[in-house]
Amino acid sequence: MSDLVTINIENFIASVRLNRADKYNALSVDMIKAIVAAGEKVAADKSIRVVVLSGEGRGFCAGLDFSSFSTMGSGIKTEDIELFARKEGTPANYAQQVGYVWKQVPVPVIAAIHGVAYGGGLQLALGADIRLASPGARFSVLEIKWGLVPDMSGTQTLRDLVGLDVAKELTFTGKVISADEADKIGLVTRVCEDPLAEANEMAAVIAAKSPDAIVAGKKLMESTWHGTSEEGLLREEEIQKTLIGTPNQIEAVMSNFEKRDPNYRERK
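Residues numbered from 1 in each chain as written. Predicted model: local features only at pLDDT ≥ 70, side-chain atom pairs only at ≥ 80, totals over all residues. Heavy atoms only, no water.

K.L.:
In this structure, what is going on with the environment of Ala133? I would like to understand it.
P.N.:
Structurally, Ala133 can be placed in strand 6 (residues 130–133). In this structure Ala133 comes out as buried when scored by relative accessible area, which is 0%. Spatially, the C-alpha atom of Ala133 lies 9.9 Å from that of Ala117, the residues being 16 residues apart in sequence. Non-local contacts of Ala133, meaning those with residues more than four positions away in its chain, are made with Ile113, Phe139, Ala179, Val188, Arg190, Val191, Cys192 and Pro195. (Helix = DSSP H or I, 4+ residues; strand = E, 2+ residues; numbered from the N terminus. Buried < 20%, exposed > 50% of the residue type's maximum accessible area, 1.4 Å probe, protein only. Contact = heavy atoms within 4.5 Å.)

Right under this line is the structure:
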């Protein structure tokens with residue numbers, strides 16, 4: 001694992017930290033590779049029950065580092081990765097995986113945002129399930145500044161959070177908005193004085209729940225949010241049937257009746 005993104009696992013919580021502080025954690029080719037690799041790594045680790053995603057230094061992520069792409073020619077291929085190529089098992093291309101890989105992580109992902117989340121940095125944050133922002137945080141769908149459109153899965157994550165007109169305004173203008181405005185329009189879950197501390201507290205609460213139910217809950221929401229009522233209700237039933245009577249579900253019931261801390265098995 002590259003030291004551009006660090007992973008620390010403790011008490012079932014994976015702390016994933018962007019570690020390019022001197023560049024506001026901007027997305028160089030190597031940084032993109034490190035972020036995608038980190039997402040894939042935590043997705044595969046069944047000991048993990050929740051992820052906290054944050055950035056080192058003065059900001060969460062300033063977006064694309066154009067200096068590292070200056071020799072790419074067509075703008076889509078480096079010496080070892082093709083940004084528009086797709087791996088088997090994901091609808092996202094390599095660049096889109098920066099944000100989308102976090103939606104594919106089976107456990108909840110909480111983003112703790114401070115400083116700036118611009119362009120690709122915002123799309124990275126939008127891939128998380130929950131976003132906690134510091135009062136001074138700033139956000140922008142910045143791609144229009146460079147004559148581009150959001151291309152790191154932003155279209156698929158913005159639609160879950162804001163109205164189409166708001167998404168268009170952010171995309172067409174590239175305006176920078178405050179944490180309070182981001183909260184008002186639903187771009188972040190809430191604003192708090194210390195988002196990393198609050199993210200860790202929330203992660204501890206989630207990690208104490210049945211890991212099977214948490215994974216099932218994320219799968220249920222992701223798979224039904226844009227479907228019909230019939231599809232959603234059927235999916236609810238199907239997923240619930242996979243939980244009832246399993247060891248972790250029984251442990252959840254027994255620990256509540258016996259007024260003790262649960263002792264859950266590793267998630268499925």
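Further notes follow.
K.L.:
Just checking my understanding: could you explain the sheet that holds strand 9 (residues 190–191) for this structure?
P.N.:
Backbone-to-backbone hydrogen bonds pair the strands of a sheet. The strands run either parallel or antiparallel. Reading across from one edge, 1-2-3-4-6-9 is the order of the six strands in this open sheet, with mixed pairing throughout. Since the sheet does not close on itself, it has two edges, and those belong to strand 1 (5–10) and strand 9, each with one partner. Both strand 6 and strand 9 contribute to a ladder of two bridges, which runs parallel. Residue pairing across strands places Leu132 opposite Arg190, the latter belonging to strand 9. (Pairing = 2+ DSSP bridges.)

K.L.:
Explanation requested: the nonpolar core in the structure shown.
P.N.:
For soluble globular proteins, the rule of thumb is that nonpolar side chains tend to be buried together. In terms of nonpolar packing, the biggest core is built from 50 residues, with Ile35, Val51, Trp102, Phe139 and Leu187 touching the most fellow members. Taken together, the elements giving at least two residues each to this core come down to strand 2 (13–18), helix 1 (29–44), strand 3 (50–55), helix 2 (97–104), strand 4 (109–113), helix 3 (120–126), helix 5 (164–173) and helix 6 (179–185). (Core = buried A, V, L, I, M, F, W, Y, C linked by side-chain atoms within 4.5 Å.)

K.L.:
Looking at this structure, how should I read the side chain of Thr171?
P.N.:
Relative to the assigned elements, Thr171 resides in helix 5. Among all residues touching Thr171, those that are not within four sequence positions of it are Val141, Ile144, Pro150 and Leu158.

K.L.:
What is the right way to look at the pattern of salt bridges in this model?
P.N.:
In a structure, side chains of opposite charge can pair up when their charged atoms sit close to one another. As enumerated under the stated definition, the model contains 14 salt bridges in all. The closest approach of N and O atoms between Lys87 and Glu40, which form a salt bridge, is 2.9 Å. Residue Lys87 is located in the loop between strand 3 and helix 2, and its partner Glu40 is located in helix 1; the two are separated by 47 residues in the primary sequence. According to the relative accessible area criterion, Glu40 is partly exposed, its value standing at 30%. Among the salt bridges present, the one from Arg235 reaches Glu238, with a minimum N-O distance of 3.6 Å. Taken together, the positions of Arg235 and Glu238, both in helix 9 (residues 229–243) and three residues apart, correspond to about one turn of that helix. One network of salt bridges, in which partners are shared, links Lys103, Asp160 and Glu222. (Salt bridge = Lys/Arg side-chain N within 4 Å of Asp/Glu carboxyl O.)

K.L.:
Can you help me understand the layout of surface pockets in this one?
P.N.:
If a probe the size of a water molecule is rolled over the atoms, the empty space left behind becomes visible. The space that makes up the largest pocket amounts to roughly 860 Å³. Together, 31 residues line the largest pocket, and Lys103, Asp129, Lys218, Met221 and Glu222 are the ones closest to its centre. Among the secondary structure elements, those contributing two or more residues to the lining of the largest pocket are helix 2, strand 6, helix 4 (154–158) and helix 8 (211–224). If you tally residues by element for the lining of the largest pocket, the top one is helix 8, at eight residues. Tallied by class, the residues present in the lining of the largest pocket amount to 15 nonpolar, eight polar and eight charged. (1 Å grid on protein atoms, 1.4 Å probe; cavity = no way out; pocket = protein on both sides within 12 Å on 5 of 7 lines; lining within 4 Å. Points joined across faces, edges and corners; volume = space filled by probe spheres on them. Nonpolar A, V, L, I, M, F, W, Y, C, P; charged D, E, K, R; others polar.)

K.L.:
Please clarify how the packing of aromatic side chains should be interpreted in this entry.
P.N.:
Aromatic ring pairs: the centre-centre distance and the angle between the two ring planes describe each pair. One pass over the full model with this rule turns up zero aromatic pairs. Above the face of the Phe12 ring, Arg49 is positioned so that its terminal group lies 3.7 Å from the ring centre. (Phe/Tyr/Trp six-rings, centres within 6.5 Å; stacked < 30°, edge-to-face > 60°. Lys NZ or Arg CZ within 6 Å of the ring centre and 35° of its normal.)

K.L.:
I tried to follow the sheet that holds strand 7 (residues 138–140) on my own but got confused; where do I start?
P.N.:
Here we have three strands laid out as an open sheet, ordered 5-7-8, and mixed in their pairing. Among the strands making up the open sheet, the edge pair consists of strand 5 (116–118) and strand 8 (177–178).

K.L.:
Where do I start with unusual backbone geometry in this structure?
P.N.:
Despite not being glycine, Phe12 shows a phi value in the positive range, around 70°. In this fold, Phe12 is placed in the loop between strand 1 and strand 2. A positive phi angle, near 60°, is found at Asn25, a position not held by glycine. Considering the arrangement of structural elements, one finds Asn25 in the loop between strand 2 and helix 1.

Shape is all these values report; function is a separate question.
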